[in-house]
Amino acid sequence: MIQLQDVFKKYTTSTGHVVAVDNVSLSIQESEIYGIIGYSGAGKSSLIRLLNGLERPTAGSIQVNGKEVSNLSSKQMRQFRQKVSMIFQHFNLLWSRTVEENIAFPLEIAGVSKEERDTRVKELVALVGLEGREKAYPSQLSGGQKQRVGIARALANRPEVLLCDEATSALDPETTDQILDLLVTINKQLGLTIVLITHEMHVIQKICHRVAVMENGVVVEEGKVIDVFKNP
Ligand code: ADP
Ligand code: ADP
């Protein structure tokens, strides 16, 4: 469902060039939980921003469901962002809006009617386990609850792919496990493809089916988690 072929991403800065993604080819299957792990600076964020169309590759091809991401018109890009949505390390919630307003926000942008929005928000609140917190503001929520809002908002327009950018890195170990359990539930219930980037081995070992290990922009190992991380 997601195909990267010979992808390069080079940034030009005042001091020269940085090759953040260096000849990466990967294929991610439908309904898979796919992890990308590496230290800071390995190129993970660049790769995930390429996948959601926030950055364009310097060279190479990125296809989602057979469509080349860098060839999308701005209208197609808006539709694409509904199909490929994202959650963030620092949640990126709207602080002046309540839980239900945050979740409804992408539905409002998509032009969904008030009645339909209300029904959908109710379903999403139940799915992520936030019943009773609908009227709360983000500042009144724990980190885990904030990420639940982020997940519900990301799922609002029924995406096919969920991209997770260090989604549990700001959470304590117990909350991390609860959020990872929720991602597994969503993957199973909705058949949603999940691509996550992380620097934490635990996250990969707990929920990923396959993994790519990145170093200096290069994928140095790739395959089933049990094969890549088995002890010799
Ligand atoms: P990671 O997410 O694994 O920490 P990044 O993709 O953020 O890796 O960074 C990979 C490399 O690209 C780093 O050397 C980083 O400094 C550089 N880089 C990332 N974004 C930019 C940018 N917008 N401009 C210039 N260099 C960047
Ligand atoms: P961190 O680098 O700490 O993990 P994030 O990944 O949450 O931070 O995002 C860094 C910044 O980039 C945030 O301020 C966020 O608003 C912005 N950003 C990243 N991805 C997107 C996106 N897909 N849409 C809108 N803003 C984004």
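The text that follows walks through the structure, step by step, so that each part is easy to find. Along every chain, residues carry numbers that run from 1 in the direction the sequence is written. In the order they appear in the text, chains get letters beginning with A and ligands get numbers beginning with 1. Where totals are concerned, whole chains, interfaces and linings use all residues; where local detail is concerned, this predicted model gives features only for residues with pLDDT of at least 70, and gives and counts side-chain atom pairs only at 80 or more. No hydrogens and no water enter the side-chain calculation; it runs on all heavy atoms of the structure.

The criterion for strand pairing is that DSSP finds at least two bridges linking the strands in question. Only DSSP runs of H or I reaching four residues or more are called helices, and only runs of E reaching two or more are called strands; each is numbered from the N terminus. In space, the 6 strands of this open sheet follow the order β6-β7-β8-β3-β9-β10, with mixed pairing throughout. Two strands close off the open sheet at either side, each with one partner strand: β6 (84-88) and β10 (218-224). In this sheet, neighbouring strand axes are inclined to one another by 15° on average, regardless of whether the strands run parallel or antiparallel. Bridge analysis of strand β9 (residues 210-215) against β10 gives 6 bridges, and the strand direction is antiparallel. Looking across to β10, one finds that Glu215 is bridged to Val218. Simply put, an axis is a line fit to the C-alpha atoms, just over the touching stretch for a helix, and the angle between two N-to-C directions goes from 0 to 180 degrees.

This next bit is on the sheet that holds strand β1 (residues 2-13). With respect to topology, 4 strands assemble into an open sheet ordered β2-β1-β4-β5, the strand pairing being antiparallel. Taken across any chain shown, the strands that pair with only one partner, and hence form the sheet edges, are β2 (16-28) and β5 (67-68). As paired strands, β1 and strand β4 (residues 59-64) are joined by 5 bridges and run antiparallel to one another. Following the sheet pairing, Gln3 is matched in β4 by Gln63. Note on definitions: a residue-residue contact is assigned when non-hydrogen atoms from the two residues lie within 4.5 Å. Here helix α1 (residues 44-51) sits on the sheet in contact with β1, β2 and β4, set at roughly 120° to β1.

This part is about the site of ligand 2. The full set of residues close to ligand 2 is Asn52, Leu54, Phe88, Gln89, His90, Asn92 and Asp165. Polar contact criterion, stated in full: a pair of N or O atoms within 3.5 Å, where within protein one must be able to donate a hydrogen and the other to accept it, and residues adjacent in sequence count only if both atoms are side-chain atoms. One of the side-chain nitrogen or oxygen atoms of Asp165 is found 2.7 Å away from an oxygen atom of ligand 2. Protein burial of ligand 2: of its 550 Å² of free accessible surface, 48% is covered by the chains. Basically, the charged four are Asp, Glu, Lys and Arg, the nonpolar ten are Ala, Val, Leu, Ile, Met, Phe, Trp, Tyr, Cys and Pro, and anything else, Gly included, counts as polar. Counted by class, the shell around ligand 2 contains 2 nonpolar, 4 polar and 1 charged residues. Residues are labelled near a given molecule or strand when at least one of their non-hydrogen atoms is within 4 Å of it. Shrake-Rupley sampling with a 1.4 Å probe provides the accessible areas, and residues are treated as covered by the protein chains on show and by no other component.

In this section: the state of the cysteines. The disulfide criterion used throughout: a pair of cysteine sulfur atoms within 2.5 Å. As enumerated under the stated definition, the model contains 0 disulfides in all. The cysteine Cys208 is free of any disulfide, with Cys164 supplying the nearest cysteine sulfur at 9.0 Å. Residue class for Cys208 comes out buried when judged on its relative accessible area of 9%. Here the term buried applies to any residue with accessible area under 20% of the maximum for its type, exposed to any over 50%, and partly exposed to those in between, with areas from a 1.4 Å probe on protein chains only.

On to unusual backbone geometry, then. Backbone geometry at Asp6 places phi at a positive 50°, although glycine is not the residue there. Examined against the element boundaries, Asp6 turns out to sit in strand β1.

One finds Ile87, Ile103, Ile151, Leu162, Cys164, Leu183 and Leu196 to be the most contacted residues of the largest nonpolar core, which totals 43 residues. With near-sequence residues (within four places) excluded, Cys164 lies in contact with Ile48, Ile87, Leu183, Ile194, Val195, Leu196 and Ile197. Here the nonpolar core consists of buried residues drawn from Ala, Val, Leu, Ile, Met, Phe, Trp, Tyr and Cys, with membership extended through side-chain atoms lying within 4.5 Å. Listed in part, the 29 residues of the second largest apolar core include Leu4, Val7, Ile62 and Val195.

Here we take up the environment of Leu93. By secondary structure assignment, the location of Leu93 is in the loop between β6 and α3 (99-109). Each C-alpha atom of the pair Leu93 and Arg153 lies 9.1 Å from the other, and the pair is 60 residues apart in sequence. Discounting chain neighbours no more than four positions away, the residues touching Leu93 are Asn102, Pro138, Lys146, Val149, Gly150 and Arg153.

It is worth spelling out the site of ligand 1 at this point. Around ligand 1 sit 13 residues in total, of which Gly41, Gly43, Lys44, Ser45 and Ser46 are the nearest. Contact distances for ligand 1 include 2.7 Å between an oxygen atom and a backbone N or O atom of Gly41. Take Ser45: an N or O atom from its side chain is 2.6 Å from an oxygen atom of ligand 1. For ligand 1, whose free accessible area comes to 560 Å², the fraction covered by protein is 64%. Every element with two or more residues in the shell around ligand 1 is listed here: β1, β2 and α1. Ranked by the residues each element gives to the shell around ligand 1, the list is headed by α1, at 4 residues. Per-class residue counts for the shell around ligand 1 are 5 nonpolar, 6 polar and 2 charged.

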